[in-house]
Amino acid sequence: MRRSIPTTAAALGLTLALAACSSGSGEEAEATTEGAATAEGTLTMWVDDTRITEMEPVVAAFTAKTGVEVELVQKASGDIGKDFVAQAPTGEGPDVIVSAHDGLGEWVNNGVVAPLELGDQAAAFSPAAIAGVTYDGATYGTPISIENIALVRNDALDPDTTATTFDELVAEAKEAGTDFSVLIQQGDASDPYHLYPLQTSFGAPVFESTADGSYTDTLALGGEAGDAFAAYLAKLGQEQVLDLAIDGDKAKQAFLDGQAPYIITGPWNTSAFLEAGMEISVLPVPSAGGEPAQPFVGVQGVFVSAKSANPVLANELVVNFLATEEAQDMLYTEGGRMPALTASAEKVDDPILQGFNEAGATGAPMPAIPAMSSVWASWGATQAQIVGGQAGDPASAWEAMVGTIQDAIDQA
């Protein structure tokens, strides 16, 4: 028996942004009507422990506006994506998830995430934020915050950076007379994420992209540009700018101890620097190879389950509420993360977050395609061999890595 549309749903006016609504086709419109008719007025949202507190007042505001209850379910951040894939098809999954965008390709390929139509509102977000929730030309989520690494300076050791290239920065940093110049965390398996701005400055992004910015599964980090970056990695290793013995914890502590004027890191570490009484500035990473140094940009988004029993209400929350300036302002106030909506980001007066935002303005979204899972291990191992001096010919080691990774992607 078909249920009637709940009062709360009717009160929304159902000016919803479902792709089905916007198309106007009879079949899709029927699907939308069916979705509204089965809505119960309650949504289930999965969110991790680092975001659930900031999300509580935001969904409370949505409930106050619409009467639609939202049950927040706390999940471990590492479990949300895989549990979503496993449970959505069984009907036990959520209506909505809050997650980093890098699992999007897997969700699309498993048919568990629904496309959304942001319409003109898409232009109100930073290009990197929209690219992060886009897969094969379709938009699948509302971006709510973005983050990336940048160059963090200890102002007491170098109050005025004049370097315009990474080599100049290293030379300038050495004038401070500290143990380290520019800290970039490594570890036994190196760290391709923290080295990516330097790599892209040589024109060697990890994957090729299409005209609309979507990643393909063809590697782009080889060739002359990749060889040049490999040689530069060897140079930084020989000069001990890069040290495999310096992992993330050691790099952070060395910077806290005043052992380096610069560190390349993310906003997750700056609160510790400020709590220690340090005066810091956040700057873009200067280019090493002549092209812009692009960090990976991580996008936190809200996504609707393709298996949701309440697709109309889920879209009302995700598209028509969380994409608004009001909601994005509230999320920043509660969580302190840089909003993905440009109008909200422009209101942020925290110079630290502003610095990260400017450094990431030309960044590259972290690839969300399944092929990315074939990249990390060989990428890091090869960088470690080059930095540590075990690769006699850095270019040959790099090209061998490219072949190994591409073969793994093609055979997956």
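Predicted model, so just to flag it, every value in this text is computed and none were measured.

Asker: For this particular structure, what's the right way to read the nonpolar core?
Answerer: Nonpolar side chains in soluble globular proteins tend to be buried together. Ranked by size, the top nonpolar core spans 106 residues in total, and within it Met45, Phe166, Val182, Phe207, Trp379 and Trp398 carry the most contacts. There are two domains that each give this core at least three residues, and those are domain 1 (42–147 + 298–365) and domain 2 (150–294 + 369–410). The next biggest cluster of nonpolar side chains, apart from the first, holds 16 residues, and it includes Phe255, Phe273, Val282 and Phe356.

Asker: What am I meant to see in helix α17 (residues 376–388) here?
Answerer: Between the first and last C-alpha of α17 there are 18 Å, a value that for 13 residues agrees with the 18 Å anticipated at 1.5 Å per step. Those residues of α17 that fall on the buried side of the exposure criterion are Trp379, Gly380, Thr382, Gln383, Ala384, Ile386 and Val387. Close packing links the buried residues of α17 with α9 (192–200), α10 (223–238), β13 (296–304) and α18 (394–411). Once α17 ends, the next one or two residues include glycine 389, with phi positive near 85 degrees.

Asker: Teacher, can you tell me more about the domain arrangement of the protein chain here?
Answerer: As assigned here, the protein chain comprises domain 1 (42–147 + 298–365) and domain 2 (150–294 + 369–410). Between the C-alpha centres of domain 1 and domain 2 there is a distance of 29 Å. Listed by partner, the interface residues are 15 residues for domain 1 and 18 residues for domain 2. Overall, the association of domain 1 and domain 2 removes approximately 1,300 Å² of surface from exposure, summing both partners, and the carbon and sulfur fraction of that is 68%. Per-residue buried area on domain 1 facing domain 2 is highest for Glu147, Ile352 and Phe356; these three make up 40% of the total on that side. Where domain 1 touches domain 2, the interface holds zero salt bridges. Our count for the contact surface shared by domain 1 and domain 2 stands at two residue pairs in polar contact (both at pLDDT 80 or more). For the side of domain 1 that touches domain 2, the leading source of residues is helix α16 (residues 351–359), giving four residues.

Asker: Help me understand the side chain of glutamine 185 in this model?
Answerer: Locating glutamine 185 in the fold gives a position in the loop between β8 (182–184) and α9. Within polar-contact distance, the side chain of glutamine 185 engages the side chain of aspartate 191 at 2.9 Å. Those residues in contact with glutamine 185 that sit more than four places away from it in its chain are Asp191, His194, Ile246, Asp247, Gly248 and Ala251.

Asker: Could you clarify how one ought to interpret the sheet that holds strand β7 (residues 150–154) in this entry?
Answerer: By definition, the strands of a sheet pair up through backbone hydrogen bonds, in either a parallel or an antiparallel sense. Sheet architecture is open: four strands sit in the order β8-β11-β7-β12, paired in mixed fashion. In this open sheet, the two edge strands, each paired with only one partner strand, are β8 and β12 (280–283). On average, adjacent strands in this sheet sit at an angle of 25 degrees to one another, irrespective of strand direction. As judged from the four bridges shared by β7 and strand β11 (residues 262–265), these two strands associate in the antiparallel manner. Bridge assignment links alanine 150 to a residue of β11, and that residue is threonine 265. Strand contacts of helix α12 (residues 267–275): β7, β11 and β12, with the helix running at about 140 degrees to β11, the strand carrying the most contacts.

About the cut-offs
- Residues numbered from 1 in each chain as written.
- Predicted model: local features only at pLDDT ≥ 70, side-chain atom pairs only at ≥ 80, totals over all residues.
- Heavy atoms only, no water.
- Core = buried A, V, L, I, M, F, W, Y, C linked by side-chain atoms within 4.5 Å.
- Buried < 20%, exposed > 50% of the residue type's maximum accessible area, 1.4 Å probe, protein only.
- Domains from an automatic or database assignment.
- Helix = DSSP H or I, 4+ residues; strand = E, 2+ residues; numbered from the N terminus.
- Expected span 1.5 Å × (residues − 1).
- Contact = heavy atoms within 4.5 Å.
- Buried area = accessible area lost by both parts, 1.4 Å probe.
- Salt bridge = Lys/Arg side-chain N within 4 Å of Asp/Glu carboxyl O.
- Polar contact = N/O pair within 3.5 Å; in protein donor to acceptor, adjacent residues only side chain to side chain.
- Pairing = 2+ DSSP bridges.
- Axes fitted to C-alpha atoms, helices over the stretch in contact; angles between N-to-C directions.

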